[in-house]
Amino acid sequence: MQKQRRLKVIAASVVLLCGMVLLVMVGIKRTSVRHFTPAALMADGNIMNNQQVQVDGLIAEGSSKWDAANFNLTFAVRDRETPATVNVIYKDRLKPDNFTDGGSVFVEGKYDATQNLIVASKLMTKCASKYEGAESATPANETSYISQ
């Protein structure tokens, strides 16, 4: 009798453990997002079609258009090393204050390979001039972490 009870407890524990492992794996897969440069995303475009992606680069000069009445921001992210660009639309959100052509940008959203377009859900910008003084004041052997 005691052996059967012990086997039931072990079997139930194994089933629960397998269920928890499965839930963790599904959760990681759903929340994991691949990071790309615009050139790398275009190269893997068909594979990443309709997938969540992260892209960082520079805001292409003359590409940004802000529709304040409808809260729509459209622009292109340019690769830092190649002429490759990816178009972005950022809907129903405010335009970041330090969003300027040529500035550094990080975008996360769903990629449409047929249009080479990211429908962004997150947009972060950096203002290089804001950090220039802090970097030059840091001794060469120290690392400085500055967050916005």
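You'll find the structure just up there.
Everything numeric in this text was worked out from a predicted model, so none of it was measured.

(A) Molecular detail of the side chain of Thr 125. Note on placement: Thr 125 falls in strand β7 (residues 117-126). Using a relative accessible area of 5% as the deciding quantity, one classes Thr 125 as buried.

(B) Layout of the nonpolar core. With 19 residues, the main nonpolar core has Leu 41, Val 53, Phe 75, Val 107, Ile 118 and Leu 123 as its most contacted residues. Those elements that place two or more of their residues in this core are β2 (52-59), β4 (72-78), β5 (85-91), β6 (104-112) and β7. With residues up to four places along the chain from it excluded, the contact list for Val 53 reads Val 33, Arg 34, Phe 36, Leu 41, Met 48, Val 107, Glu 108, Gly 109, Tyr 111 and Ile 118.

(C) Main features of the pairing of β7. Sheet analysis places β5 next to β7, joined by 3 bridges and oriented parallel. Bridging across to β7, Ile 89 finds its partner in Val 119. Looking at chain direction, β6 and β7 are connected through 9 bridges and run antiparallel. From the neighbouring strand, Val 107 faces β7, where its bridge partner is Leu 123.

(D) Representation of the pattern of salt bridges in the model. In the structure shown here, the tally under the stated rule is 2 salt bridges. The salt bridge involving Arg 34 is made with Asp 44; its shortest N-O contact spans 3.8 Å. Pair noted here: Arg 34 is in strand β1 (residues 34-36) and Asp 44 is in the loop between α2 (38-43) and α3 (45-48), with a separation of 10 residues, a long-range link. For Arg 34, a relative accessible area of 44% corresponds to the partly exposed category. Across the pair Arg 80 and Asp 56 runs a salt bridge, and its minimum N-O distance is 3.7 Å. Residue Arg 80 is found in the loop between β4 and β5, and its partner Asp 56 is found in strand β2; the two are separated by 24 residues along the sequence.

(E) Representation of a nonpolar patch on the surface. Judged by side-chain polarity, Leu 17, Met 20, Val 21 and Met 25 come together as a nonpolar surface patch covering roughly 410 Å² of accessible area. Residue placement: Leu 17 occurs in helix α1 (residues 2-31).

(F) Inspection of the pairing of β2 at higher detail. In terms of burial, β2 is largely enclosed, as 6 of its 8 residues are buried. Where β2 lies against β6, 7 bridges are found, and the strand directions are antiparallel. Its bridge partner being in β6, Leu 58 is matched across the sheet by Ser 104.

(G) Region of interest: the side chain of Asn 116. By the element assignment, Asn 116 lies in the loop between β6 and β7. You can call Asn 116 buried: its relative accessible area is 16%. Among the polar contacts made by the side chain of Asn 116, one reaches the side chain of Tyr 111 at a distance of 2.9 Å. Discounting chain neighbours no more than four positions away, the residues touching Asn 116 are Met 42, Thr 85, Val 86, Asn 87 and Tyr 111.

Conventions we followed
Here the residue numbering is sequential within each chain, running from 1 through the sequence in written order. Only residues with pLDDT of 70 or above have their local features reported here, since the model is predicted, and side-chain atom pairs are shown and tallied only from 80 upward, although totals for entire chains, interfaces and linings are computed over all residues. Only hydrogens and water are set aside when side-chain values are computed; all heavy atoms of the structure are taken into account. Helix numbers and strand numbers start at the N terminus; a helix is a DSSP run of H or I with at least 4 residues, a strand a run of E with at least 2. The cut-offs for exposure are 20% and 50% of the maximum accessible area for each residue type, with area from a 1.4 Å probe on protein chains only; residues under the lower value are buried, those over the upper are exposed, and the others partly exposed. Buried Ala, Val, Leu, Ile, Met, Phe, Trp, Tyr and Cys residues that are joined via side-chain atoms within 4.5 Å together make up what is termed a nonpolar core. Contacts between residues were defined by any pair of non-hydrogen atoms, one from each residue, lying within 4.5 Å. Each pair of strands is called paired provided DSSP finds at least two bridges between the two strands. A carboxyl oxygen of Asp or Glu within 4 Å of a side-chain nitrogen of Lys or Arg is what we treat as a salt bridge. Like charges within 9 Å and nonpolar side chains (Val, Leu, Ile, Met, Phe, Trp, Tyr) within 5 Å are joined into patches, using only residues over 30% in relative accessible area that form no salt bridge. Each accessible area is a Shrake-Rupley estimate made with a 1.4 Å probe; only the visible protein chains count as cover when residues are assessed. Pairs of N or O atoms are called polar contacts if they sit within 3.5 Å, as long as, within protein, a hydrogen donor faces a hydrogen acceptor (for residues adjacent in sequence, only side-chain-to-side-chain pairs).

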